[in-house]
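Residue strings, one per chain:
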Amino acid sequence: MAHQMFLGTLRANVLTNPTGCRAAPPRSSARIGRGKFPVAAISDDYLPMRSTEAKNRTSKSDITSLRLITAVKTPYLPDGRFDLEAYDYLINMQIEGGAEGAIVGGTTGEGHLMSWDEHIMLIGHTVNCFGTRIKVIGNTGSNSTGEAVHATEQGFAVGMHAALHINPYYGKTSTEGMVAHFKAVLPMGPTIIYNVPSRTGQDILPPVIEALSGHPNMVGVKECVGHERVKCYTDKGISVWSGNDDECHDSRWKYGATGVVSVTSNLVPGLVRSLMYEGENATLREKLLPLIKWLFCEPNPIPVDTALAQLGVARPVLRLPYKALPLEKRVEFVRIVEAIGREHFIGKREARVLDDEDFISICR
């Protein structure tokens, strides 16, 4: 639609002289009889790209090679706008810590609290600033197929490398409807399907994934059901990322997962990368478990929002309905940082216990 609007403006400008008056169309050697019209108003060179044509140059293998994908937090200013300075710092810290991909506007990034204008803008901003250094995976899923199609078209138009798609939630559909939903978005570019029944209320069962696995843009699955489901897919050659930080080590090294889509890596990207790249390491896994458990003591992203504020990396601003963790949990986080080592966490300030009045709730 944007392309068509641009072409319409371009054609209007071409046919307008410098005084602002409409100029006569250029003469053609081919005469057109009265009541007859040319076959095309503009040449084929200027026809807008059809939605079925390839718009994305990222290959499937570019995405399946990723071991650590961070579900990036979105920070805010007190007036409710995105804090892009803090956001850019977070992305830079992910890159320096070894993350290879970033989910933009996912659950952790609070895409469900954004307008689509905000959502697509943030995807485009991430691509523009960091797209040559990290793969940008835009969460353009929706429980409305039409909305998912439109958002995914926009996401690929601004340059995202892949899309993340959830199954229709709340207004749940049949297995046949679920397959049709995903088939509607797959033609646009590389796609990871996200299965998290605890949030959607409906499991994406293996027959659905198997029905889609032959599509050239079907990259794989972010799976939150557990190890056995991971193994079910890896045994069939389907790429799968663990969506559970507490299970990602074993999913990777014992059940064949490609890697992890991680919340914990927002805070300690280097350590999570080690879990994905350096072989089995039960000691490191046990070291990180207290932090991982803390990060999921309340629904994500409440704890990671609180943690980044305590580290001085993001302002203590939360969009409602999210509220910061209670004081005793904030105290516990500082102790966890001390136990793991402040040097492993992003940011340069010491972790501190913020007071209740330090936090700002916004409802923009």
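Residues numbered from 1 in each chain as written. Predicted model: local features only at pLDDT ≥ 70, side-chain atom pairs only at ≥ 80, totals over all residues. Heavy atoms only, no water.

## So, the pattern of salt bridges
Here is step 1 of the chain: Counted by the stated rule, this structure contains 13 salt bridges.
Here is step 2 of the chain: Residue Arg-285 is joined to Glu-286 by a salt bridge in which the shortest nitrogen-to-oxygen separation is 2.9 Å. (Salt bridge = Lys/Arg side-chain N within 4 Å of Asp/Glu carboxyl O.)

## Topic: unusual backbone geometry
Here is step 1 of the chain: With omega at 15°, the peptide bond leading from Asn-300 into Pro-301 counts as cis.
Here is step 2 of the chain: Checked against the element boundaries, Pro-301 lands in the loop between helix 12 (282-295) and helix 13 (302-310).
Here is step 3 of the chain: Pro-321 follows Leu-320 through a cis peptide bond whose omega is 20°.
Here is step 4 of the chain: Within the secondary structure, Pro-321 sits in the loop between strand 9 (317-319) and helix 14 (327-340).
Here is step 5 of the chain: Positive phi is not limited to glycine here, since Glu-110 has a value of about 60°.
Here is step 6 of the chain: Looking at the secondary structure, you find Glu-110 in the loop between strand 2 (101-104) and helix 4 (116-130).
Here is step 7 of the chain: The phi torsion at Tyr-170 lies on the positive side, around 65°, for a residue other than glycine.
Here is step 8 of the chain: Examined against the element boundaries, Tyr-170 turns out to sit in the loop between strand 4 (162-166) and helix 6 (175-185).
Here is step 9 of the chain: Classification of Tyr-170 as exposed rests on a relative accessible area of 77%. (Helix = DSSP H or I, 4+ residues; strand = E, 2+ residues; numbered from the N terminus. Buried < 20%, exposed > 50% of the residue type's maximum accessible area, 1.4 Å probe, protein only.)

## Here we look at the packing of aromatic side chains
Here is step 1 of the chain: Scanning the model with the defined rule gives three aromatic pairs in all.
Here is step 2 of the chain: A ring pair is formed by Tyr-76 and Phe-82, whose centres lie 6.2 Å apart and whose planes are at 40°; its orientation type is tilted. One exposure class covers both Tyr-76 and Phe-82, and it is buried.
Here is step 3 of the chain: Ring geometry for Phe-333 and Phe-345: centres 6.2 Å apart, planes at 85°, overall edge-to-face. Placement of Phe-333 in helix 14 and of Phe-345 in the loop between helix 14 and strand 10 (360-362) is noted, with a sequence separation of twelve residues between them. Across the pair, Phe-345 and Phe-333 agree in class, each one buried.
Here is step 4 of the chain: An aromatic cluster is present here, built from Trp-294, Phe-333 and Phe-345 joined pairwise through their rings.
Here is step 5 of the chain: In this structure, Lys-222 packs its charged tip against the face of Tyr-194, placed 3.9 Å from the ring centre. (Phe/Tyr/Trp six-rings, centres within 6.5 Å; stacked < 30°, edge-to-face > 60°. Lys NZ or Arg CZ within 6 Å of the ring centre and 35° of its normal.)

## Some words on the packing of helix 11 (residues 269-277) against helix 12
Helix-helix packing is described using two parameters, namely the angle between the two axes and the distance between the axes.
Here is step 1 of the chain: Packing of helix 11 against helix 12 leaves a shortest axis separation of 10 Å and a crossing angle of 140°. Between helix 11 and helix 12, the angle falls in the class oblique. Two packed elements cross with a definite hand, and for helix 11 against helix 12 that hand is left-handed. Contact residues: helix 11 offers Leu-271, Ser-274 and Leu-275, while helix 12 offers Leu-284, Arg-285 and Leu-288.
Here is step 2 of the chain: Here the residues of the contact of helix 11 with helix 12 sort into four nonpolar, one polar and one charged. (Axes fitted to C-alpha atoms, helices over the stretch in contact; angles between N-to-C directions. Parallel < 35°, antiparallel > 145°, perpendicular 65-115°, else oblique. Left-handed = near helix turned anticlockwise from the far one by under 90°. Contact = heavy atoms within 4.5 Å. Nonpolar A, V, L, I, M, F, W, Y, C, P; charged D, E, K, R; others polar.)

## Re the sheet that holds strand 5 (residues 191-195)
Here is step 1 of the chain: The eight strands are arranged 1-2-3-4-5-6-7-8 in a closed barrel whose pairing can be described as parallel. Shown here is a sheet whose adjacent strand axes are inclined to one another by a mean of 25°, direction ignored.
Here is step 2 of the chain: Summarising the sheet, strand 5 and strand 6 (residues 218-223) pair through five bridges and their orientation is parallel. Within the sheet, the bridge partner assigned to Tyr-194 lies in strand 6 and is Lys-222. (Pairing = 2+ DSSP bridges.)

## Concerning helix 5 (residues 145-157)
Here is step 1 of the chain: For helix 5, which comprises 13 residues, the first-to-last C-alpha distance of 18 Å matches the rise-based estimate of 18 Å (1.5 Å per residue) to within 8%.
Here is step 2 of the chain: Taken together, the buried positions of helix 5 are occupied by Ala-148, Val-149, Ala-151, Thr-152, Gly-155 and Phe-156.
Here is step 3 of the chain: Where helix 5 is buried, its residues meet helix 4, strand 4 and helix 6.
Here is step 4 of the chain: With its phi angle positive at about 105°, Gly-159 sits one or two positions after the end of helix 5. (Expected span 1.5 Å × (residues − 1).)

## Focus: the confidence of the model for the protein chain
Here is step 1 of the chain: Looking at the protein chain, the pLDDT average stands at 88 and 84% of residues meet or exceed 70.
Here is step 2 of the chain: This model gives residues 1-56 a pLDDT under 50, and the stretch forms 30 contacts once residues within four places in sequence are excluded. (pLDDT = per-residue confidence, 0-100.)

## Quick word on the environment of Ala-351
Here is step 1 of the chain: Counting through the fold element by element, Ala-351 comes out in the loop between helix 14 and strand 10.
Here is step 2 of the chain: Contact partners of Ala-351, with chain neighbours within four places excluded, come to Gln-310, Leu-311, Val-334, Val-337 and Arg-342.

## Notes on the side chain of Thr-306
Here is step 1 of the chain: Considering the arrangement of structural elements, one finds Thr-306 in helix 13.
Here is step 2 of the chain: Given the relative accessible area of 0%, Thr-306 is considered buried.
Here is step 3 of the chain: A polar contact is formed between the side chain of Thr-306 and the backbone nitrogen of Leu-325, at a distance of 3.1 Å.
Here is step 4 of the chain: Excluding its chain neighbours within four sequence positions, the residues that come into contact with Thr-306 are Trp-294, Ala-324, Leu-325, Arg-330 and Phe-359. (Polar contact = N/O pair within 3.5 Å; in protein donor to acceptor, adjacent residues only side chain to side chain.)

## Focus: helix 6
Here is step 1 of the chain: Within helix 6, burial applies to Met-178, Val-179, His-181, Phe-182 and Val-185. Around the axis of helix 6, the buried residues are gathered within 155° of arc, so they sit on the same side.
Here is step 2 of the chain: The inward-facing, buried residues of helix 6 contact helix 5, strand 4, strand 5 and helix 8 (206-212). (Arc of directions from axis to C-beta.)

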